[in-house]
Every structure is written in C-alpha cells, then in structure tokens.
Amino acid sequence: MKTIVGLEIHVQLATATKLFCGCSTDYRDDGPNTHCCPVCLGLPGSLPRLNRKAVEYGLLVAKALGMRVLEESEFARKNYFYPDLPKAYQITQYDKPLAVEGIIEIEDDEGHEKIVRITRVHLEEDPGRLVHVAGASKYSLVDYNRSGIPLLEIVTEPDMRSPQEARRFLNKLRTILEYLRVFDGDREGSLRVDANISLEGSERVEVKNISSYKGVEKALTFEVTRQKNLRRRGQTVTRETRHFMEGRGITTSARGKEEEHDYRYFPEPDLRPLRVTDWVAEIDLPELPAARKNRFMAQYGISPNHARTLTGDPKLADFYERVAPVDPALAATWVADTLLGELNYRDMSIAAVPADRIAELLGLLRAETVTDRAGVQVLREMLDACAAGRPSERPAAIVKRENLGRTTGDDFSAIVRTVIASNPQAVEDYHAGRKGALNFLVGQVMKETRGRADPRELGRIVSECIEKGEV
Ligand code: ZN
Ligand code: MN
C-alpha cells in the first residue's frame, strides 16, 4: 500500500517586530500579554501596517526554493470565532499568495535524490496562545504575545511516500531557513506542522497540532499503522481531522462541529495588494546548504558524509570553519563525530563551545601530544565547564593537571608485565591464536594507564612482550 504525505508548515519568521504592528516578537521570557497593542489585540479602529522585513524574509525563502513570485499578491480575511483571535478573523493570503511552484530535493528511502514540490508560500499572522487549565473548575487562559507574529505558511504537494521522507524534508527545509537567517529553530513552537496522510485508494486524514518537527515522523508512523489496521479489518478510513498527542505519541479524532469552518474569505480592505516582483531581483541569497557542502568537500578535502553533517546547521558549519585551519581532516572527524556526540549527550548547543579552545585541543592531537582517548577526556572536561557556565581551561592546562600527556610504551613496561602476569588465560588464548586476547590485554593496560598510551603502540609492545616470554 503506497503512503502519500503532504505537509503544511507554519514557520515563525525571525523579524524583530510583529507582522502588522511594532510590538516586539521577543516575548518568550516575558509575562503573558506584555507584548501587545491595539493592532495585535484587534481593538476597533486600529489599522494594520505591513512589516517590510517579513515580506523580505518571505521573498528570500521563495527565491531559495526557486519559486515564482506573483505579480500581485493580496491579503485576505479568514473569518472564524475563537478566543485566540481577538479580531474574529486572521489576516492571511488566500487565492493570491506571495509565491508558487518551488522545489526541495531530498533523499528517498532508497537513498536516491527526489524532488518534493512546494505548492505555495504565503504570509499570515500567528494567533494568540490559549493555555487550557485543567482541574476542578476547568478554564482557559489567553496570551496575546504571540498574536501577530509573522508566519510563513509553506504548503507542499503530496510528494512524500513515508514518515521518514517527511522527516528528511523537514530537516532540509529547516536547514535552508536557518541558512537564510529568517528563522530561529531554537525557539519553542517556531515551526508547526499539519500533515495530510493517506494510503493509496483511501480517504485522506489531516493531522493537526504537531508542534515539533521530530513529532511529525512519530505522528505519521502512528497514522500509517492505524490506517493499515483499519483496512486489514475491512473497515474504511474516514476523511477527518485528527490531533497529535505529543506526550502519548498517538493521534485522536477531532470531529465535532467546531472543526467545520466556513471561513468566508474576502480581501482585506485595510491593506493594499503587494507588488514585489521588482524587489526579488535585488535580493541576494547567501550560500545555501548544498553549495556549502560541495565547497567543504573541495576546499577541505573531507568526505561527503562529514561535509553533510557539518553543513546541516549553519552554526556548526561556522564552527568547523573556525577550527579547520589546524588540520581540516582531523577537525572534521573531531567536530562531526566526537564533539557532536558529546553535545547530544549533554543536550548542549554548539554555540556554547569556545572554538579557540577546540582549535588548541586539535593542535595537541595533531602534534600527538595526547592520544585520541586522552583527547576525549580533555574535551569532556572542557564541555563540563561550559555546561556549568564556567570558562573552559586551556586544553594544555588540563593535560598537565590530569597528567594526560602521551607517554611512550617504555614507560608502561611495568604495567604491561603485571597485566600479562596476572592474566595467564588470556596469554594462553593469545598463543592459541585468538585475536580477542590481545585486545583484552591491551584494554587492561589502557585502563591502568588511563588512556595515555597509543593503543596500536601498546598492542605491539604487549605482543612483543608475550612472544619474548619477558614476564
Ligand atoms: Zn501589537
Ligand atoms: Mn495557516
């Protein structure tokens, strides 16, 4: 059964002020209803004034996705009655969106390049936020700080064939938006997704309310299973809207009268139509992920995998470019593999890591002053300091304090002898030709020496020692 997925993505544009008023968009650390004015509260008599920056950001996205900007686009009123919308209509774009017909390339499930078509992008205002308070007397609180934040709604064709493709699409889109610097993915709720999903030959289900891009794959995977099970039991999938319950990883039916809207769209009389095609030519695109990946491979001679990982986030790519001069290949391995792993483990952002200190560590590794293993220890000490908000010590100081400097095998001969003497079984296994025995013995010596010796060198010394019977 073929799975068919299309997405509607709402992205908060990272402008300093709201879409139709001068209120600050930086509201997340402030109390409720502190970033509001008559315009974004929808008070009678207030008039919207379009934020030029939001249009520019929308055009940047349209250009990056290869879209056609309409000669004339228009704002419309989408009428509905709900407390998150004080005007009782949302100003959005309807039959004349900002731009149409774009593409994003992703990898399909077989690893081949495929194209996902973008139907349209349009500008609209974010509604306020409702907080439903559970308890004995159920009630809801409303916060209009979010009301009027500029959104870019990005609509795709139903071109994705699995939840995994949807995830890859969203990762790609997010990376492009971050490269364009029109979007801050670290802000909670800055990217929200509605997903349309169907099995070929069945009705389509819309899953709303997916507030993290990681939740999209989960919600879609749940839906594929649910819909397949229905069909297997001979039941039909009904066309409906469902909500994703992030915490439980399931979708629930949201049928009911309040979901049946008649939006009565009509042109917004308080805003002029937009004519911005001349402006598009003046907009300069920055280097985008695909171009930067190719440049990294050519300029630094690193593998396609490392280049892809390093350019997957512009902050990470910038970081790499700051430490690459020490040794591009060594830096790629340490940043893409070791450092990223340590950051994920600590749930830390690359922004918290001092590049100059990492460059110093790479210098020590390149000069073989420390082994890889000791290097990891130094890195962990530095990251722990950063995570605790302390300035990181210089790597050389940590090496000195912890006595982590690389030493040659000769300095460990006593330890090697002790390990060999106290593991006769492993020595016997070694003579019997079992490869694991040597690794075991080297591991024991590594443990005693706290990783200060090079494992390959130790392997040579240990086997020499056994073969000479020097114990
Ligand atoms: Zn306002
Ligand atoms: Mn919308």
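Residues numbered from 1 in each chain as written. Chains lettered and ligands numbered in written order. Predicted model: local features only at pLDDT ≥ 70, side-chain atom pairs only at ≥ 80, totals over all residues. Heavy atoms only, no water.

**Student:** Can you lay out the environment of D126 for me, pointing to particular residues and giving the numbers?
**Tutor:** Relative to the helices and strands, D126 resides in the loop between β6 (113-125) and β7 (129-133). Take D126: its relative accessible area is 1%, and that puts it in the buried class. Beyond its immediate stretch of four places on either side in the chain, D126 contacts Q12, R146, S147, G148, I149, L151 and R192. Polar contacts involving the side chain of D126 include one to the side chain of R146, which spans 3.5 Å. (Helix = DSSP H or I, 4+ residues; strand = E, 2+ residues; numbered from the N terminus. Buried < 20%, exposed > 50% of the residue type's maximum accessible area, 1.4 Å probe, protein only. Contact = heavy atoms within 4.5 Å. Polar contact = N/O pair within 3.5 Å; in protein donor to acceptor, adjacent residues only side chain to side chain.)

**Student:** Residues and numbers for unusual backbone geometry, please.
**Tutor:** With a phi angle near 55°, N33 is a residue other than glycine that sits in the positive phi range. Inspection of the secondary structure puts N33 in the loop between β1 (3-12) and α1 (52-64). In the Ramachandran plot, E368 falls in the positive-phi region, its phi being about 55° despite a non-glycine side chain. Mapping E368 onto the fold places it in the loop between α9 (355-366) and α10 (372-387).

**Student:** Summarise the sheet that holds strand β4 (residues 89-93); cite the residues concerned and give the values.
**Tutor:** One open sheet accounts for three strands, arranged β4-β3-β14; its pairing is antiparallel. In this open sheet, the two edge strands, each paired with only one partner strand, are β4 and β14 (266-267). Here strand β3 (residues 75-79) pairs with β14 via two bridges, running antiparallel. Residue pairing across strands places R77 opposite F266, the latter belonging to β14. (Pairing = 2+ DSSP bridges.)

**Student:** Let's hear about the packing of helix α6 (residues 304-311) against helix α7 (residues 314-323): which residues, and what values?
**Tutor:** Between α6 and α7, whose axes approach to 6 Å, the crossing angle comes to 120°. As far as their axial angle goes, α7 and α6 are oblique. Within the contact between the two elements, α6 uses T309, L310 and T311 and α7 uses L316, A317 and Y320. Of the residues contributing to the contact of α6 with α7, the split by class is four nonpolar, two polar and no charged. (Axes fitted to C-alpha atoms, helices over the stretch in contact; angles between N-to-C directions. Parallel < 35°, antiparallel > 145°, perpendicular 65-115°, else oblique. Nonpolar A, V, L, I, M, F, W, Y, C, P; charged D, E, K, R; others polar.)

**Student:** Give me the lowdown on the sheet that holds β1, citing residues and values where you can.
**Tutor:** For sheets, the rule is that strands pair by backbone hydrogen bonds, running either parallel or antiparallel. What the nine strands build is an open sheet, ordered β2-β5-β6-β9-β1-β10-β11-β12-β13; its pairing is mixed. For this open sheet the edge positions go to β2 (68-69) and β13 (250-253), each flanked by a neighbour on one side alone. Pairing between strand β10 (residues 191-199) and strand β11 (residues 205-210): four bridges, direction antiparallel. Across the sheet, the residue bridging to N196 is E206, located in β11. The strands touched by helix α2 (residues 163-179) within the sheet are β1, β5 (99-107), β6, β9 (150-156) and β10, with β5 carrying the most contacts at an inclination of about 115°. Relative to the sheet, helix α3 (residues 213-232) contacts β1, β10, β11, β12 (240-245) and β13, its axis offset from that of β10 by approximately 20°.

**Student:** Kindly report on the packing of aromatic side chains, identifying the contributing residues and their values.
**Tutor:** One pass over the full model with this rule turns up seven aromatic pairs. Between Y80 and Y263 the ring centres are 6.2 Å apart and the planes differ by 70°, which places this aromatic pair in the edge-to-face class. With Y80 in the loop between β3 and β4 and Y263 in the loop between β13 and β14, this pair connects stretches of sequence that are 183 residues apart. Here Y94 and Y265 contribute two aromatic rings whose centre-to-centre distance is 3.6 Å and whose plane-to-plane angle is 5°, an arrangement assigned as stacked. (Phe/Tyr/Trp six-rings, centres within 6.5 Å; stacked < 30°, edge-to-face > 60°.)

**Student:** Pulling in residues and values, what's your account of the layout of surface pockets?
**Tutor:** To find the voids left in a structure, one rolls a probe of water-molecule size over its atoms. Size it by volume and the second largest pocket reaches roughly 1800 Å³. Taken together, 47 residues make up the lining of the second largest pocket; nearest its centre are N171, R174, T175, G312 and D313. Contributions of two or more residues to the lining of the second largest pocket are made by β5, α2, α3, α5 (289-300), α6, α7 and α8 (328-346). Among the elements that line the lining of the second largest pocket, the one with the most residues is α2, at seven residues. By residue class, the composition of the lining of the second largest pocket is 17 nonpolar, 14 polar and 16 charged. Both domains that furnish three or more residues to the lining of the second largest pocket are identified here as domain 1 (3-282) and domain 2 (289-402). (1 Å grid on protein atoms, 1.4 Å probe; cavity = no way out; pocket = protein on both sides within 12 Å on 5 of 7 lines; lining within 4 Å. Points joined across faces, edges and corners; volume = space filled by probe spheres on them. Domains from an automatic or database assignment.)

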